[in-house]
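Residue-level listing of the chains:
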Amino acid sequence: PALSARARLLRSACQGGGRGLVGGRGGRGGSRRSPAAMLSADAEAAEEEAAEALEEAVAGKLEDGDLEGAIAAWAEALQFREAVDPDSELVESMRASLAALRQAAAAQADRGDGGASDAAEDEDADGRITEVCTAWEEHSEQPQGAGSHAGAPAAYETRE
């Protein structure tokens, strides 16, 4: 929550032109960027950091069976990623993963509410959850580079 709050505060300050932000970073050792550009860079870095923390939390929530918590964390991580690079391949794959998680939650709710769902639907929903977990685990085992979106899953494949 603290990383998310920090990212939102910095982005809000950027959208307000930086006015009203007290205690901002200064004295960056000869940097010639404008204060607004520095604030924007800080906001982007904070959004990346918050997204990474939320993405890491999703795996644990899924392992614990907290599908709704995983969906909420993934949706928030996606918002931060969209703020940084809305048209990236990563954002597109995250959107697809979020849709798969929501479909799985709906199938799970149907089962819990006594709704009639067949075994194939149940297996398909469970498979989508497993695919998201597996993609995250495979990504988290890879060495992290210094490039954009380090720490974020590179791709999540879902069945349609």
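The shown structure was predicted, so the numbers you read here are calculated from the model rather than taken from an experiment.

### Side note on the overall build of the chain
Item 1. Summing up its helical and strand segments, the chain has 5 helices and 0 strands in all.
Item 2. In sequence order, the secondary structure elements of the chain are arranged as α-α-α-α-α.
Item 3. With 160 residues in all, the chain has 37% of them scored as buried.
Item 4. Partitioning the intrachain contacts of the chain with sequence separation of at least 6 by distance along the chain shows that 65% fall at a separation of at least 24.
Item 5. A total accessible area of about 9000 Å² is found for the chain, and carbon and sulfur atoms account for 49% of it.

### Focus: the side chain of Arg 81
Item 1. Within the element layout of this structure, Arg 81 appears in helix α3 (residues 67-84).
Item 2. Of the residues examined, Arg 81 reaches a relative accessible area of 1% and is grouped as buried.
Item 3. Within the structure, the side chain of Arg 81 is placed 2.9 Å from the side chain of Glu 48, a separation counted as a polar contact.

### What to know about the confidence of the model for the chain
Item 1. Scored by pLDDT, the chain has a mean of 75; 61% of the residues are at 70 or more.
Item 2. Between residues 20-28, whose pLDDT stays under 50, and residues either more than four places distant or in other chains, the model counts 9 contacts.
Item 3. Scored below 50 in pLDDT, residues 142-160 shows 45 contacts in the model against residues more than four places distant or in partner chains.

### Looking at a negative patch on the surface
Item 1. Taken together, Glu 63, Asp 64, Asp 66 and Glu 68 make up a surface patch of like negative charges.
Item 2. Structurally, Glu 63 is set in helix α2 (residues 35-63).

### Details of the pattern of salt bridges
Item 1. Taken as a whole, this structure holds 7 salt bridges when the rule is applied.
Item 2. Among the salt bridges present, the one from Arg 81 reaches Glu 55, with a minimum N-O distance of 3.0 Å. A residue pair is termed long-range when its members are at least 10 positions apart, and Arg 81 in helix α3 and Glu 55 in helix α2 qualify at 26 residues.
Item 3. A salt bridge links Arg 95 to Glu 92; the shortest N-O distance between them is 2.5 Å. Linking Arg 95 with Glu 92, this pair stays in helix α4 (residues 89-112), spanning 3 residues, or about one helical turn.

### Here we look at the side chain of Arg 11
Item 1. Mapped onto the elements of the fold, Arg 11 is located in helix α1 (residues 2-15).
Item 2. Look past the residues within four positions of Arg 11 in its chain and what remains in contact with it is Ser 40, Ala 43, Glu 44 and Glu 47.

### Describing the packing of α2 against α3
Item 1. Close contact between α2 and α3 brings their axes to 8 Å; oriented N to C, the two are set at 160°. Judged on the interaxial angle alone, α3 and α2 are roughly antiparallel. As for how α2 packs across α3, the hand of that crossing is left-handed. Along its contact with α2, which presents Glu 44, Glu 47, Glu 48, Ala 50, Ala 51, Glu 52, Leu 54, Glu 55, Val 58, Lys 61 and Leu 62, the element α3 presents Leu 67, Gly 69, Ala 70, Ala 73, Trp 74, Glu 76, Ala 77, Phe 80, Arg 81, Ala 83 and Val 84.

About the thresholds
Residues numbered from 1 in each chain as written. Predicted model: local features only at pLDDT ≥ 70, side-chain atom pairs only at ≥ 80, totals over all residues. Heavy atoms only, no water. Helix = DSSP H or I, 4+ residues; strand = E, 2+ residues; numbered from the N terminus. Buried < 20%, exposed > 50% of the residue type's maximum accessible area, 1.4 Å probe, protein only. Contact = heavy atoms within 4.5 Å. Areas by Shrake-Rupley, 256 points an atom, 1.4 Å probe, with all protein chains shown as cover. Polar contact = N/O pair within 3.5 Å; in protein donor to acceptor, adjacent residues only side chain to side chain. pLDDT = per-residue confidence, 0-100. Patch = residues over 30% accessible without salt bridge, like charges linked within 9 Å, V, L, I, M, F, W, Y side chains within 5 Å. Salt bridge = Lys/Arg side-chain N within 4 Å of Asp/Glu carboxyl O. Lys, Arg positive; Asp, Glu negative; His and termini not counted. Charge placed at Lys NZ, Arg CZ, Asp CG, Glu CD. Axes fitted to C-alpha atoms, helices over the stretch in contact; angles between N-to-C directions. Parallel < 35°, antiparallel > 145°, perpendicular 65-115°, else oblique. Left-handed = near helix turned anticlockwise from the far one by under 90°.

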